[in-house]
Amino acid sequence: VQLQASGGGLVQPGGCLRLSCAASGSSSSFYTMGWYRQAPGNQRELVATITRDGSTSYAESVKGRFTIASGGVMNRVDLQMNSLKPEDTATYYCNAAYTLKGFYYWGRGTQVTVSS
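Keep in mind that what you see is a predicted model, and the values were worked out from it rather than measured.

Draft legend 1. Seen up close, the state of the cysteines. Per the stated rule, a full pass over the model turns up one disulfide. Through a disulfide, C21 is tied to C94; the S-S separation comes to 2.1 Å. The sign of the S-S torsion, about 55 degrees, decides the handedness of the disulfide formed by C21 and C94: right-handed. Taken as a pair, C21 in strand β3 (residues 17-24) and C94 in strand β9 (residues 90-97) lie far apart in primary sequence, 73 residues in all. Accessibility classification places C21 together with C94 in one group, the buried group. Here C16 stays unpaired: no disulfide links it, and the sulfur of C21, its closest cysteine neighbor, is 20 Å away.

Below is the structure:
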């Protein structure tokens, strides 16, 4: 299984970006998919997750600004990021698992830089 993330880039504060993560090599849909991020010098942190039943969770720092969606097909997950702040600057990683306590697959990161 491979996860390919895309959509990162440079954006001004207040701007928006849409990240996408697509899975290949999977024989079935995942139970959960999510986005994490890691800024230089910081630990990787949860941004948002979504499960097959549509349940979502968000870090407090992104609630109301970011939206995670899978389109009902759990082999792709998007992250709409609005009202971006400089502190959102990080490398963003997607992950996916067939069960909550199972093995998690990780994609390569995509860089998001929020700067004027």
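There's more to say after this.
Draft legend 2. Examining the sheet that holds strand β7 (residues 66-69) more closely. The strand order across the open sheet built from four strands is β1-β3-β8-β7, with neighbouring strands paired in antiparallel fashion. Looking along the sheet, the strands with just one partner apiece sit at the ends: β1 (2-6) and β7. Adjacent strand axes in the sheet meet at a mean angle of 15 degrees, parallel and antiparallel pairs treated alike. Here β3 runs beside strand β8 (residues 76-81); their pairing, made up of six bridges, is antiparallel. Looking across to β8, one finds that C21 is bridged to V77.

Draft legend 3. Here's a closer look at the packing of aromatic side chains. Evaluated as defined, the whole model comprises five aromatic pairs. Note on F30 and Y105: the rings are 6.2 Å apart at their centroids and 55 degrees apart in plane angle, and the pair reads as tilted. Of this pair, F30 sits in the loop between β3 and β4 (32-38) while Y105 sits in strand β10 (residues 104-106), and the two are 75 residues apart along the sequence. For F30, a relative accessible area of 0% corresponds to the buried category.

Draft legend 4. Spotlight on the confidence of the model for the chain. Considering every residue of the chain, the mean pLDDT works out to 95; 100% of them sit at 70 or more. Mean pLDDT values over the elements of the chain span from 94, in β1, up to 98, in strand β11 (residues 110-114).

Draft legend 5. Here's a closer look at the side chain of D78. By the element assignment, D78 lies in strand β8. Polar contacts involving the side chain of D78 include one to the side chain of R76, which spans 3.4 Å.

Draft legend 6. Region of interest: the nonpolar core. W35, V47, F66, L79, M81 and Y92 are the most contacted members of the largest nonpolar core, which has 28 residues in total. Of all elements in the fold, only β1, β3, β4, β5 (45-51), β7, β8, β9 and β11 reach the threshold of two or more residues within this core. With four residues, the top contributor of residues to this core is β9.

The rules behind the values
Residues numbered from 1 in each chain as written. Predicted model: local features only at pLDDT ≥ 70, side-chain atom pairs only at ≥ 80, totals over all residues. Heavy atoms only, no water. Disulfide = S-S within 2.5 Å. Helix = DSSP H or I, 4+ residues; strand = E, 2+ residues; numbered from the N terminus. Buried < 20%, exposed > 50% of the residue type's maximum accessible area, 1.4 Å probe, protein only. Pairing = 2+ DSSP bridges. Axes fitted to C-alpha atoms, helices over the stretch in contact; angles between N-to-C directions. Phe/Tyr/Trp six-rings, centres within 6.5 Å; stacked < 30°, edge-to-face > 60°. pLDDT = per-residue confidence, 0-100. Polar contact = N/O pair within 3.5 Å; in protein donor to acceptor, adjacent residues only side chain to side chain. Core = buried A, V, L, I, M, F, W, Y, C linked by side-chain atoms within 4.5 Å.

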